[in-house]
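A look at the structure
Residue strings, one per chain:
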Amino acid sequence: MTSPPPSAVLLVDGYNIIGSWNKLIYTRDRKGLEAARWELVEALTSYSAFQGFDTKVVFDAHYRDTPGNNEVITENLSVYYTEFGQTADTFIEKSCAVLRHQLLPLQRRLIVATSDRAQKLTVVGYGAQWMSAQELAYEIESTAQRLRRKHQPRKQSSGRFLANSLDDKARRRLAELRMGWKD
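Residues numbered from 1 in each chain as written. Predicted model: local features only at pLDDT ≥ 70, side-chain atom pairs only at ≥ 80, totals over all residues. Heavy atoms only, no water.

1. Topic: the overall build of the chain
- Within the chain, the regular secondary structure consists of seven helices and six strands.
- In the chain, the order of α-helices and β-strands from amino to carboxyl end is β-α-α-α-β-β-β-α-β-α-β-α-α.
- Put simply, the chain has 183 residues, and 33% of those count as buried.
- Put simply, 56% of the contacts in the chain that link residues at least 6 apart link residues at least 24 apart. (Helix = DSSP H or I, 4+ residues; strand = E, 2+ residues; numbered from the N terminus. Buried < 20%, exposed > 50% of the residue type's maximum accessible area, 1.4 Å probe, protein only. Contact = heavy atoms within 4.5 Å.)

What follows is the structure, given as structure tokens:
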């Protein structure tokens, strides 16, 4: 059984996001850039699956000595390292130019996550939606909260009355209050 096609392609400017999220800045400064990269990838993994996005996280080559490559992390998430001398911005712009022609007939969205204002203007010109780093952080956190609520076991009450779901201390205090009202 094949899974449905992604509802959107999300292109993420990896180092821009790392430099914009306090949590990732902290990780980068304390544990290094590699740790911050993987913390970002981990944050995007559940988000991409839940949203049904085909997510591509793009990192500039100038932080790596190796040639460009692509790592498939999950069905919904891939990490791209650009060729030496190529920026993530250039990679994202080229991807927007190619993908808009592929996605438009399928009525799928193209979203670019970056807080780079010049990049925003360029990708919007290609017909992509723009999402700031802070918007992405908010979306990821709210998605994580929804997933936690969805998978949290519900507390079953022992009856149809609210008082039945109270703990012993609250039940005793309620009884004391009722006794006080009868005087």
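2. Section: the pairing of strand β3 (residues 69-74)
- In this sheet, strand β4 (residues 77-81) lies alongside β3 in antiparallel orientation, the contact comprising five bridges. Bridge pairing links Val-72 to Ser-78 in β4.
- Hairpin connection, β3 to β4: the antiparallel pair is bridged by two residues. (Pairing = 2+ DSSP bridges.)

3. Thoughts on helix α3 (residues 33-51)
- Given a rise of 1.5 Å per residue, 19 residues ought to cover 27 Å, and the 27 Å separating the end C-alpha atoms of α3 matches this to within 8%.
- Burial in α3 covers these residues: Ala-36, Arg-37, Leu-40, Val-41, Leu-44, Tyr-47 and Ser-48.
- Gly-52 occupies a position one or two residues after α3 and carries a positive phi of about 75 degrees. (Expected span 1.5 Å × (residues − 1).)

4. Remarks on the pattern of salt bridges
- With the rule as written, the count across this model stands at four salt bridges.
- Notably, a salt bridge pairs Arg-28 with Asp-29, separated by 3.1 Å at the nearest N-O pair.
- According to the relative accessible area criterion, Arg-28 is partly exposed, its value standing at 30%.
- Taking the shortest distance from any N to any O, the salt bridge between Glu-34 and Arg-37 comes out at 2.2 Å. Note that Glu-34 and Arg-37 are positioned in helix α3 at a spacing of three residues, about one turn of the helix. (Salt bridge = Lys/Arg side-chain N within 4 Å of Asp/Glu carboxyl O.)

5. Quick look at the sheet that holds strand β6 (residues 129-131)
- Here we have six strands laid out as an open sheet, ordered β3-β4-β2-β1-β5-β6, and mixed in their pairing. Both outer strands of the open sheet, β3 and β6, are each paired with one neighbouring strand and no more. Here the strands of the sheet are splayed against their neighbours by 20 degrees on average, with no regard to which way each runs.
- With five bridges joining them, strand β1 (residues 8-13) and strand β5 (residues 109-113) adopt parallel strand pairing. (Axes fitted to C-alpha atoms, helices over the stretch in contact; angles between N-to-C directions.)

6. As for helix α4 (residues 88-103)
- In this model, α4 (16 residues) spans 21 Å end to end at C-alpha, consistent with the 22 Å of a helix rising 1.5 Å per residue.
- The sharpest bend along α4 measures roughly 25 degrees and falls at Ala-97.
- Along α4, the residues classified as buried are Ala-88, Phe-91, Ile-92, Ser-95, Cys-96, Leu-99 and Leu-103.
- At its buried positions, α4 is contacted by β1, β2 (53-59), β4, β5 and α5 (117-125). (Bend = angle between axes of the 7 residues up to and from the residue.)

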